[in-house]
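Letter by letter, the chains look like this.
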Amino acid sequence: MHRGLITITLLVCAQLPIPGMAQNVPDLSGMWSDPPPRAEDAFCHVGCTIEGRNYLTQILDDPANIDRPYAELREEAEQKQLTEIIPSHLTPVALESFPMNRSAAPLSTACDPWGFTRQVLAPHAFEITQHEDRVSFYYSEWTARRTIFLDGRKPPADFESSLLGFSVGHYEGDTLVVETIGINANSSNAGFAHSDQLSVTERYTRVDDRGGTGNRLEVEAILQDPVTFQKPLHMGRAWTWAPSEEIYPYESCIVPSD
Amino acid sequence: MKSFIGGVFILSAYLLTSIAQAHHSFRGVFDFSKHTTLRGTVVKFDLLNPHARVFMEVVNENGETEQWVVEAPGKLSLARRGWTDDMFGDREVITATGNPSSTGKMAIWLEDLVLNDGTKFIDPLVSDDEAIEAERRDRAQRAAEQSNN
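Remember, it's a predicted structure, so these values are computed and weren't measured experimentally.

Chemist: How would you sum up the overall build of chain A? Please name residues and give values.
Modeler: In terms of regular secondary structure, chain A is built from six helices and twelve strands. Taking contacts inside chain A between residues at least 6 apart in sequence as the whole, the part at least 24 apart equals 56%. As presented, chain A carries roughly 12500 Å² of accessible surface, and 53% of it is formed by carbon and sulfur atoms.

Here it is as structure tokens:
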């Protein structure tokens, strides 16, 4: 009898919502980090176009390429992305500065916090905390933080564009959908620069991966900007569930070799 | 930059393309076609983000002590591979290999580092490359087998 009561109590508790969390939303909370070294994931380490990633998959699994090393196939996919995929999305104005000269304007070598596209697709640890009315993102790169409001609010009347913009979100089934506007003009890791008219839709989905259930998080970021793109550019990357990882502070940034 | 036969070995340019080269954002800062090996004493270690730095004293062929810096990825990457703040002993002698500065500064970008006891640490990107190449070979083999069936 006593054991039966305990069992019933446990079953009832299991049905109760987690305090502060809406029901029927995917559980994305916790620490995520780089996936194990894999061909496509390495290609997308700091973000890639979805088309470029699919092209790499195609040539990796083509029997005609059996003797070609990964470095060569990756280079082919990077060239495809750089010379065909991304340019086909850019406006004539954006093409004038594409691809950016990384030696003349090094991106990661400058000790400045990253802009939106680089931050969203940044590698390494990335912590998500879900609340009833918002989701918090905490990135290991630059220890940047974002808040995604789930309560349907609009940007404040005096909102000014910022490095990471203003984000609202909602859940669509197993996916967290984030819409961001008000992003400062900046450069990307993919050779293009965008204007302050950039708007981005991010779709985060937790999926199964080799060796685990729900231990992989994928994002597809859809970039739209009338100044930069003549059609939406789809980019993405992935993380692996990494509860033991930590986020360390950014200290004493010095440009390498300075 | 001098070329040494004592503590510092400047190796000739490799023709081999490195996958790690494609990863790095520092193409204008380091020459990824060249490799330099340093043997010297660790005098300071900053395991920080966004980049870590190992400061070394290296004695050149003329017996002069030079101050070198081994630049490496940040703590985010290195801590996952076992790097710790106290991994070097007091004035430990190590061997570090990396890509030399393009501007002639006494700095290299880490490729691998060997402690006094022989423990070896590889640039995380290089160790990833080996696993990925193994995956590629497996996939290519499977694709070829399916194609033959």
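Chemist: Can you break down the nonpolar core residue by residue, with the values?
Modeler: All names here are of chain A. Among the nonpolar cores identified, the biggest contains 33 residues, and F126, I128, F137, F192, Y204, L217 and L223 are the most heavily contacted of them. Of all the elements in the fold, those that place two or more residues in this core are α6 (116-120), β3 (126-130), β4 (134-139), β7 (175-181), β10 (199-209), β11 (212-224) and β12 (233-241). Looking at this core, the element that brings in the most residues is β11, giving four residues. When residues no more than four places from it in sequence are discounted, the contact partners of F137 are F126, E127, I128, A144, R145, R146, I148, L176, E202 and Y204.

Chemist: Can you lay out the pairing of β3 of chain A for me, pointing to particular residues and giving the numbers?
Modeler: Consecutive side chains along a regular strand alternate between the two faces of the sheet. All names here are of chain A. Alternating positions in β3 separate cleanly, F126, I128 and Q130 being buried on one face and E127 and T129 remaining unburied on the opposite face. Where strand β1 (residues 30-33) lies against β3, three bridges are found, and the strand directions are antiparallel. Paired with M31 across the two strands is E127, which belongs to β3. Across five bridges, β3 lies against β4 in antiparallel orientation. Paired with F126 across the strands is Y139, a residue of β4. What sits between β3 and β4 in their antiparallel hairpin is a turn of three residues.

Chemist: Describe the pattern of salt bridges, with residues and values.
Modeler: Residues and elements named next belong to chain A. Under the definition given, this model contains 23 salt bridges over all chains. In this structure, the salt-bridge partner of R68 is E72, at a minimum N-O distance of 2.7 Å. Residue R68 is classed as partly exposed on the basis of its relative accessible area of 22%. On the basis of relative accessibility, which here comes to 38%, the residue E72 falls in the partly exposed class. Two residues, R216 and E218, come together in a salt bridge whose shortest N-O distance is 2.9 Å. Overall, R216 belongs to the buried group, its relative accessible area being 10%.

Calculation criteria
The numbers attached to residues start from 1 for each chain and follow its sequence in the written order. Each chain takes a letter, starting from A, and each ligand takes a number, starting from 1, following the order in which they are written. In keeping with the model being predicted, local features are shown solely for residues with a pLDDT of at least 70 and side-chain atom pairs are shown and tallied solely at 80 or more, while totals for entire chains, interfaces and linings include all residues. Computation of side-chain values: all heavy atoms of the structure, hydrogens and water removed. Starting at the N terminus, helices and strands are each numbered in turn, a helix being any DSSP run of H or I of at least four residues and a strand any DSSP run of E of at least two. In this analysis, two residues are considered to be in contact whenever any of their non-hydrogen atoms come within 4.5 Å of each other. Working definition of accessibility: Shrake-Rupley area with a 1.4 Å probe, residue cover restricted to the visible protein chains. Nine residue types can take part in a nonpolar core, namely buried Ala, Val, Leu, Ile, Met, Phe, Trp, Tyr and Cys, and a core is a set of them joined through side-chain atoms within 4.5 Å. Classification of residues uses two cut-offs on accessible area relative to the type maximum, computed with a 1.4 Å probe and protein chains only: under 20% is buried, over 50% is exposed, and between them is partly exposed. Each pair of strands is called paired provided DSSP finds at least two bridges between the two strands. One side-chain nitrogen of Lys or Arg within 4 Å of one carboxyl oxygen of Asp or Glu is enough to make a salt bridge.

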